[in-house]
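Fold and contact review
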Amino acid sequence: MNISKTASSTARLSLAAALVLPAAPAIAAPAADSDIRISEIAYTLETDFIEIAADPGTDLSGWTFGSVTRGGSVYAQDNTITAPEDTTVGDSGAVAIDVPITNSVKAGSAADGEYGSSAFVIDDDGELVDFQQIGGVVDGKGVTGTKNTFTPAPVIGQEAEPTGATAAGGQSIQLTGDAWKSAPPTPNALPDGDGGDGDDGDPDPEGVTPIADIQGTGDASPIQGKTVTTRGVVTAAYPEGGLNGYYIQTPGTGGAGADDETPAASDGIFVYSPDTVTDISIDDHVEVTGTVSEHYGQTQISVSASGLETVDEPAEAVKPVEGAFPAGDEKRESLEGMLVQPSESLTVADNYNTNTYGEVVLATGDGTLPQPTDVHRPGTPEAKALEAENLDREVVLDDGATVNFLKADKDVPLPYLSQADPVRVGAQATFTSPVVLGFDHEKWRFQPSTRLTGDNAEAVQPTTFTDTRTDAPEAVGGQVSLASFNVLNYFTTTGDQLSGCQYYDDRDGNHITVRGGCDARGAANAESLKRQETKIVTAINKLDTSVVSLMEIENSAAFGKDRDDALATLVKRLNEAAGTQKWDFVESPSAVPSDEDVIRTALIYQPAEVAPQNESTILDDQDAFSNAREPLSQAFAPRDGSGEIEKDKTFVTISNHFKSKGSGSGPGNEDSGDGQGASNADRVKQAEALVGFADDQQEATNTDLVYLLGDFNSYTQEDPMQVFYEAGYKDIAAEKTDESTYVYGSRTGSLDHVLALDASDAGEGAGTAPSAFDSVTKADVWNINSVESIGLEYSRFNYNIADLFAPDQFRASDHDPVVVGLFDSSDEGGDDDGSDEADAGDNADGAGDDANADGSSDHSGGKNAGKNGNHWGSRDGDHPGGKNAGKNGRHNGW
């Protein structure tokens, strides 16, 4: 995908350097309707410029060059440049002006008028000379200039002309003849030096160019823009679904590498040909004539209706290249467009887009793709190296289509997903039939032989997936147990009870969830709420812990009700399903903050196992928690086998939900790009306030058994977590499991934590009683939510004809619960699962610890050693038709 860039992050060339051109006498600037027009647009990570073609000597002094972003407005003042005096066009007939361009483009029919980064040129008389949109659809509707502080008046209300072209990595788009194409940047020079495309347009009918020569040995074809004739065997065809073409491969190629006569160049290529794709079949031997180009980084030949011929002579069959899928772009380039069948299993790294675009992200090597800041300190060389490795390991299992199932083809069953065969992050994918290796929007892609849907899966689906589901969490032992659980905006005040609500609808137009316009955030109506409740209730009853910390539950006071109304309803539903009064809730304290969010934290518990001690307490710190949910504290004492309360084991639980990463304002809250997202400074402040609050609760309860639970919106090695480590807390799941609670952007990590105070070596008297951490028997992360497809959520009910909803625990939320056992009577303070050995050498306070270069981390002992021990050694944009648009519009808990 093309990654958005802001002006502050765009590499700039020197304007003066760009304008050192051969001297020529100035002539009057031509009128806006002259032949002067934009000829090249570069928007790479290394260089951004707008080039115009004009007669040598044309005076451009005072002309304005600029770009608008996706909404049609100029993003910042830096996105326009005024050419200085004596700026003239040299003998090349072109001049390039450095202008930062936001790289946010869209292609395909869905781009019509929707958005697109665009380049404009205004002459010194204030006339708009040219306005070209990157991407879009040729002859379609372009983005319209929109008024804002920085948008020049001549652009406002004007419609850009879609080029239909986007640049491959490191390239620009260039006007070659009458068409825009992707090619290596040529600032201040027209293609071939004279504006030609290097080809007379008359292919030699006798000449057949081998596919390997068209592909070349680099990352782009060496003969882009040329018209060629080549031959091959059809290996895959996509007459439906938007790809509008087919792959061909040189007869007899593939198989063992020793038989490859062109080992550095691919013998397969994509033929883009809406006119002929319905006229061919897989295994046909064909001859095609068309123009070579790069489309989103993949070499292709564009073939018209007259450019296809069937070859009568028989062709030797092609064979899939088997073996381990190679690492590195160079080796993969040599297979682009060819049949492959990986021999080793790959790991599912993400299934978020499976519900939308039929994509499954896979990872080569061992395990999923770790969130770098879950393993290493943010911004360190180790974190950067891990992300580089992640990018190299990614490959997308696609469906042979560009369809957005949320917008179109809702009556076509989704590929890969079904109730019976879940595709879960962490599952192993085994290839049972060959696929074609394609490339699109900076991702390598495995394409099936034809479009895959739920209807033809038995014949077409090229993979099987292991089922890693478990019906309950692992047993964690102990006398009592704790867990955290995000209830995904559980609102008993449904949208239809309020005015002004806007909704997300199913494919029949029925309201499912609230999208805005009112204070409710959950189900649209009673029917939808019932589906949501069923999943949450099933999950929590199977969780079956003594105490559960809840996040994202309705604060009913916001709707004029008792603050605990929704909480009481959930407990009622839990008990109805359990068939007994199994659960109760911690009532709100008498003192609550005056200004609260519409969602809150809460605690529920099993009275047969624990007894609340004293009143609950909320941290009322408007400075630290003005943009987050205030922590809720409650002390509990366990009951023994006869039901007696053991007050000497009283422990404190504090439920938390810190500010999300998605937005932020104020110093230190901007997204600095180190992986911690926005509002990091606020989360640090919240962590510091929580530590003080926990100290107060510890003193008030006279116990060292303090546990902090919930969604901290911070990965394990990020700055807010360091505050806890320095205060003497340990992350139980990180120390005692190798599992994680969250998946975002194909990266796996933990935003949810249970932290235990480790005071056993904190001073005089240490060791006289087990610390909170020493009292932990075992821990588990029950992967029932984050690893499951969002398509299974109640919020996606009837979005597609495939019936994916089930009244079970899977995808009840988007965060996974952490489960912790406490108090092993047979081994006071001990740990019978052997994790003491894994903990050896860990610093208790975590002060100033950075991740180690070998992949270990002082505060992640068991977790990170297990996740990343094998990793060392070794972007979001659109598919045609806007394939990945909106991918990051995820649940607001991120």
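Structure shown above.
Described in the following lines is the structure provided in the data block. In this text the structure is predicted, and so the values were computed from the model without any measurement.

Another point: the overall build of the chain. In terms of helices and strands, the chain carries 14 helices and 42 strands. Classification of the 894 residues of the chain by burial places 58% in the buried group. For the chain, the accessible surface area stands at approximately 33000 Å², while carbon and sulfur atoms represent 46% of it.

Membership of the largest hydrophobic core comes to 52 residues, with the highest contact counts inside it found for Phe 651, Tyr 707, Leu 708, Phe 724 and Ile 732. Examining the composition of this core, we find that seven residues originate from one element, helix α10 (residues 680-701), more than from any other. If we skip the residues at most four places from it in the chain, Tyr 707 touches Leu 482, Phe 651, Val 652, Thr 653, Ile 654, Ile 732, Leu 755, Ala 756, Ala 772, Ser 775, Val 776 and Leu 822. Met 338, Val 403, Leu 792 and Leu 804 belong to the second-largest nonpolar core, a separate cluster that totals 35 residues.

Here the focus is the pairing of strand β5 (residues 94-98). The buried fraction of β5 is high, at five of five residues. By the alternation rule, side chains of β5 split into Ala 94, Ala 96 and Asp 98 and Val 95 and Ile 97, which are all buried. In the sheet, strand β2 (residues 48-53) pairs with β5 via five bridges, with the strands oriented antiparallel. For Ile 50, the partnering residue across the bridge sits in β5 and is Ile 97.

This part is about the side chain of Thr 653. Along the chain, Thr 653 turns up in strand β35 (residues 651-657). Residue class for Thr 653 comes out buried when judged on its relative accessible area of 0%. Looking at Thr 653, its side chain comes within polar contact range of the main-chain oxygen of Gln 634, at 2.9 Å. Setting aside anything within four residues of it in sequence, one finds Thr 653 in contact with Leu 482, Val 547, Leu 603, Leu 632, Ser 633, Gln 634, Phe 636, Tyr 707 and Leu 709.

The buried fraction of strand β20 (residues 346-350) is high, at five of five residues. In the sheet, β20 pairs with strand β23 (residues 428-431) via two bridges, with the strands oriented antiparallel. Paired with Leu 346 across the two strands is Ala 429, which belongs to β23. Note: β20 against strand β21 (residues 360-363), three bridges, orientation antiparallel. In the sheet register, Val 348 faces β21, and the bridge partner there is Leu 362.

Per the stated rule, a full pass over the model turns up 18 aromatic pairs. Each ring, one from Phe 491 and one from Phe 559, has its centre 6.0 Å from the other, and the planes form 80 degrees; the classification is edge-to-face. Separated by 68 residues along the polypeptide, Phe 491 in the loop between β27 (480-490) and β28 (502-505) and Phe 559 in the loop between β30 (547-554) and α9 (565-578) bring together distant segments of the chain. Aromatic pair Phe 724 and Tyr 729: ring centres 6.5 Å apart, planes at 80 degrees, arrangement edge-to-face. Assigned by exposure class, Phe 724 and Tyr 729 land together as buried. One aromatic cluster in this structure is built from Tyr 605, Phe 636, Phe 651, Tyr 707 and Phe 823. The side chain of Arg 469 reaches across the aromatic face of Phe 810, ending 4.0 Å from its centre.

Read across the open sheet, the five strands follow the order β4-β3-β7-β8-β10; overall the sheet is mixed. The two strands at the open ends of the sheet, each matched to only one other strand, are β4 (80-82) and β10 (161-162). For strand β3 (residues 64-68) and β4, the ladder comprises three bridges, and the chain directions are antiparallel. Its bridge partner lying in β4, Thr 64 is registered against Thr 82.

A word on the sheet that holds strand β17 (residues 298-310). Read around the closed barrel, the five strands follow the order β13-β14-β15-β17-β16; overall the barrel is mixed. Sheet twist, expressed as the average angle between the axes of neighbouring strands with direction ignored, equals 55 degrees. Across three bridges, strand β15 (residues 268-272) lies against β17 in parallel orientation. Across the sheet, the residue bridging to Tyr 272 is Ser 302, located in β17.

Turning our attention to unusual backbone geometry. Even without a glycine there, the phi angle at Ser 679 is positive, about 65 degrees. Tracing the chain through its elements places Ser 679 in the loop between β35 and α10. Although it is not a glycine, Asn 713 adopts a positive phi angle of roughly 50 degrees.

A word on the state of the cysteines. Throughout the structure, instances matching the rule amount to one disulfide. Disulfide pairing is shown between Cys 501 and Cys 518; the S-S distance is 2.0 Å. Residues Cys 501 and Cys 518 are joined by a disulfide whose S-S torsion is about 105 degrees; by sign, that bridge is right-handed. Highlighted residues: Cys 501 in the loop between β27 and β28 and Cys 518 in the loop between β29 (511-516) and α8 (526-543), separated in sequence by 17 residues. As far as the burial class goes, Cys 501 and Cys 518 line up, both buried.

This part takes up the packing of α8 against α9. Running from N to C, α8 and α9 point in directions that differ by 65 degrees, and their axes come no closer than 10 Å. Taken together, the axes of α8 and α9 lie roughly perpendicular to each other. Classified by chirality, the crossing of α9 by α8 is right-handed. Contacts between α8 and α9 involve Glu 533, Ile 536, Val 537, Ile 540 and Asn 541 from the former and Thr 569, Leu 570, Arg 573, Leu 574, Ala 577 and Ala 578 from the latter.

A word on the pattern of salt bridges. Going through the model one piece at a time under the given rule, you end up with 29 salt bridges. Asp 544 is paired through a salt bridge with Lys 582; the nearest N and O atoms lie 2.7 Å apart. Residue Asp 544 is located in the loop between α8 and β30, and its partner Lys 582 is located in the loop between α9 and β31 (584-585); the two are separated by 38 residues in the primary sequence. The shortest N-O distance in the salt bridge between Glu 646 and Lys 649 comes to 4.0 Å. Through salt bridges with shared partners, a single ionic network connects Glu 387, Glu 394, Lys 443 and Arg 747.

Let us look at helix α6 (residues 381-393). The end-to-end C-alpha separation of α6 is 18 Å, in line with the 18 Å expected for 13 residues at 1.5 Å each. Looking at α6, one finds that the buried residues are Glu 382, Ala 383, Leu 386, Glu 389, Asn 390 and Arg 393. Across the axial projection of α6, the buried residues extend over an arc of 120 degrees, all falling on one side. Residues of α6 that are exposed and point over 90 degrees away from its buried face: Pro 381 and Lys 384.

Next up on the list: helix α11 (residues 719-726). The buried count for α11 comes to six of eight residues, which makes it a mostly enclosed element. Among the residues of α11, Pro 720, Met 721, Gln 722, Val 723, Phe 724 and Tyr 725 are the ones counted as buried. In this structure, the buried side of α11 is in contact with α10, β36 (706-711), β37 (729-731) and β40 (752-757). Once α11 finishes, Gly 728 follows within two positions and takes phi at roughly 100 degrees, a positive value.

Let us look at the packing of α10 against α11. At a minimum axis separation of 8 Å, α10 and α11 run at an interaxial angle of 20 degrees. Between α10 and α11, the angle is such that the two are roughly parallel. Considering the relative orientation of α10 and α11, their crossing is right-handed. Contacts from Asn 680, Arg 683, Val 684, Ala 687, Glu 688, Leu 690 and Val 691 of α10 reach α11 at Asp 719, Pro 720, Val 723 and Phe 724.

It is worth spelling out the environment of Arg 445 at this point. With respect to the secondary-structure elements, Arg 445 resides in strand β25 (residues 443-447). A sequence separation of 48 residues divides Arg 445 from Leu 397, and the C-alpha atoms of the two residues are 5.7 Å apart. Within the local environment of Arg 445, its side chain forms a polar contact with the side chain of Asp 398, the two groups lying 3.0 Å apart.

A few words now on the side chain of Asn 669. With respect to the secondary-structure elements, Asn 669 resides in the loop between β35 and α10. Given the relative accessible area of 2%, Asn 669 is considered buried. Here the side chain of Asn 669 touches Ser 665 through a polar contact of 2.8 Å, landing on its backbone oxygen. A distance of 3.3 Å separates the side chain of Asn 669 from the backbone nitrogen of Ala 681, its partner in a polar contact. Apart from the residues within four sequence positions on either side, Asn 669 is in contact with Gly 664, Ala 678, Ser 679, Asn 680, Ala 681 and Asp 682.

Cut-offs used in this document
- Residues numbered from 1 in each chain as written.
- Predicted model: local features only at pLDDT ≥ 70, side-chain atom pairs only at ≥ 80, totals over all residues.
- Heavy atoms only, no water.
- Helix = DSSP H or I, 4+ residues; strand = E, 2+ residues; numbered from the N terminus.
- Buried < 20%, exposed > 50% of the residue type's maximum accessible area, 1.4 Å probe, protein only.
- Areas by Shrake-Rupley, 256 points an atom, 1.4 Å probe, with all protein chains shown as cover.
- Core = buried A, V, L, I, M, F, W, Y, C linked by side-chain atoms within 4.5 Å.
- Contact = heavy atoms within 4.5 Å.
- Pairing = 2+ DSSP bridges.
- Polar contact = N/O pair within 3.5 Å; in protein donor to acceptor, adjacent residues only side chain to side chain.
- Phe/Tyr/Trp six-rings, centres within 6.5 Å; stacked < 30°, edge-to-face > 60°.
- Lys NZ or Arg CZ within 6 Å of the ring centre and 35° of its normal.
- Axes fitted to C-alpha atoms, helices over the stretch in contact; angles between N-to-C directions.
- Disulfide = S-S within 2.5 Å.
- Parallel < 35°, antiparallel > 145°, perpendicular 65-115°, else oblique.
- Left-handed = near helix turned anticlockwise from the far one by under 90°.
- Salt bridge = Lys/Arg side-chain N within 4 Å of Asp/Glu carboxyl O.
- Expected span 1.5 Å × (residues − 1).
- Arc of directions from axis to C-beta.

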